[in-house]
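The lines below spell out each chain.
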Amino acid sequence: MASLNSNGTKKQAERRRAAQMMKRILVHFRGQMDEALRPQGVTTAQLHILKTIRDEPGVSGAQLARLCYVTPQSAQSMLTGLERGGWIVRNKGRGNDRILAARLTAEGEKLLQTAEKMVKVIEGKLWRGWLRVRLRL
């Protein structure tokens, strides 16, 4: 029974270490993305909003908040910034005059395409680094 408990403890420690490593990788990736996007005047959170608007045309602010895992207040703040930057426009929805549906402008689409290229470059660097570490093990 002691060995079973020992194996269970080892597995928990391995899972915890893997989770910590994943968190470090994600934090590193997010930092690199924010740094690369800073000259464009947009954050990774705003980029997620833009991508969601492109993928879900006519989406409302409340729906965006749910889809992007942010509070409705944060979503509205980001939408205001994106609108002010000229990357989105919001119009009254077809079914409900109180809902403002967002859509990308040409500038927003251009920004999103540029950012997606940056993401691929950064992802590639991270994966190459991960493979180097794995090959040394």
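How each quantity is defined
Counting starts from 1 at the beginning of each chain's written sequence and moves along it residue by residue. Local features in a predicted model are, by the rule used here, given only for residues with pLDDT of at least 70; side-chain atom pairs are given and counted only at 80 or more, and totals for whole chains, interfaces and linings are based on all residues. To obtain the side-chain values, all non-hydrogen atoms of the structure were used and water was disregarded. Every helix listed is a DSSP run of H or I at least four residues long, and every strand listed is a run of E at least two residues long, numbered separately from the N terminus. Classification of residues uses two cut-offs on accessible area relative to the type maximum, computed with a 1.4 Å probe and protein chains only: under 20% is buried, over 50% is exposed, and between them is partly exposed. Contacts are residue-level and defined by heavy atoms, with any inter-residue pair within 4.5 Å sufficient. Where accessible areas are quoted, they stem from the Shrake-Rupley method and a 1.4 Å probe; at the residue level, only the protein chains shown are allowed to cover. A residue counts as positive if it is Lys or Arg and as negative if it is Asp or Glu; His and the chain ends are not included. A charged residue contributes its charge at one atom only: NZ of Lys, CZ of Arg, CG of Asp or CD of Glu. Between Lys or Arg on one side and Asp or Glu on the other, a salt bridge is scored when a side-chain nitrogen of the former is within 4 Å of a carboxyl oxygen of the latter. What the arc covers is the set of directions going from the helix axis to the C-beta atoms. Axis definition: a line fitted to C-alpha atoms, over the contacting stretch in the case of helices. Angles run 0 to 180 degrees between N-to-C directions. In these notes the angle categories are as follows: under 35 degrees is roughly parallel, over 145 is roughly antiparallel, 65 to 115 is roughly perpendicular, and the rest is oblique. Crossing handedness is defined as follows: a turn of the near helix away from the far one that is anticlockwise and smaller than a right angle gives a left-handed crossing, while the clockwise case is right-handed. Amino acid classes used here: Ala, Val, Leu, Ile, Met, Phe, Trp, Tyr, Cys and Pro are nonpolar; Asp, Glu, Lys and Arg are charged; the rest, including Gly, are polar. Buriedness of a pocket was judged along seven lines, with at least five required to meet protein on both sides within 12 Å; pockets are open sets of points on a 1 Å grid over the protein atoms alone, cavities are sets where a 1.4 Å probe fits but cannot get out, and lining residues have an atom within 4 Å of a point. Grid points are joined across faces, edges and corners, and a volume is the space filled by probe spheres set on the points. In protein, a polar contact requires one atom able to donate a hydrogen and another able to accept it; more generally it is a pair of N or O atoms within 3.5 Å, and residues adjacent in sequence count only if both atoms are side-chain atoms.

### Brief notes about the overall build of the protein chain
Looking only at helices and strands, the protein chain features 5 helices and 2 strands. Expressed along its principal axes, the backbone C-alpha trace of the protein chain runs to roughly 65 × 35 × 20 Å. Within the protein chain, the proportion of its 137 residues that are buried is 27%. A separation threshold of at least 6 residues defines the contact pool for the protein chain, and within that pool the share at least 24 residues apart is 46%. Accessible surface computed for the protein chain: about 10000 Å², of which carbon and sulfur atoms make up 55%. For the protein chain, the distance from the average site of its 26 positive side-chain charges to the average site of its 11 negative ones is 9 Å.

### Focus on the pattern of salt bridges
According to the stated counting rule, one finds 6 salt bridges in the structure shown. D55 serves as the salt-bridge partner of K51, at 2.9 Å between the closest nitrogen and oxygen. Of this pair, K51 and D55 both sit in helix α2 (residues 44-55), 4 residues apart, which is roughly one turn of the helix. Put simply, R90 and E83 hold a salt bridge, and the shortest N to O gap is 3.2 Å. Residue classification places R90 among the buried positions, given a relative accessible area of 16%. In the salt-bridge network here, residues are joined through shared partners; they are K51, R54, D55, E109 and E116.

### Quick look at helix α3 (residues 61-68)
The complete set of buried residues in α3 reads G61, L64, A65 and C68. One side of α3 carries all its buried residues, which in axial view fall inside an arc of 100 degrees. The inward-facing, buried residues of α3 contact α2, α4 (72-84) and β2 (100-104).

### Examining the packing of α3 against α4
Packed helices, taken two at a time, are described by the angle their axes make and the gap between the axes. Relative to each other, α3 and α4 sit at 110 degrees, their axes nearing to 8 Å. By the angle between their axes, α3 is roughly perpendicular relative to α4. In terms of crossing hand, the pair formed by α3 and α4 is right-handed. Facing G61, L64 and A65 of α3, the residues of α4 in contact are P72, A75, Q76 and L79. Class assignment of the residues belonging to the contact of α3 with α4 gives a composition of 5 nonpolar, 2 polar and no charged.

### Some thoughts on the packing of α2 against α4
At a minimum axis distance of 10 Å, the contact between α2 and α4 shows a crossing angle of 80 degrees. Accordingly, the angle class assigned to the pair α2 and α4 is roughly perpendicular. Counting all contacts with α2, which are made through A45, Q46, I49, L50 and I53, the residues of α4 involved are M78, L79, G81 and L82. Each residue belonging to the contact of α2 with α4 can be placed in one class, and the counts come to 7 nonpolar, 2 polar and no charged.

### Considering the layout of surface pockets
Estimates place the volume of the second largest pocket at around 420 Å³. Of all the secondary-structure elements, those providing two or more residues to the lining of the second largest pocket are α1 (2-37), α2 and α5 (106-136). Looking at which element gives the most residues to the lining of the second largest pocket, the answer is α2, with 5 residues.

### So, the side chain of R90
Considering the arrangement of structural elements, one finds R90 in strand β1 (residues 88-92). At 3.2 Å, the side chain of R90 forms a polar contact with the side chain of E83. If near-sequence neighbours (up to four positions away) are discounted, R90 is found in contact with Q76, L79, T80, E83, L100, A101 and A102.

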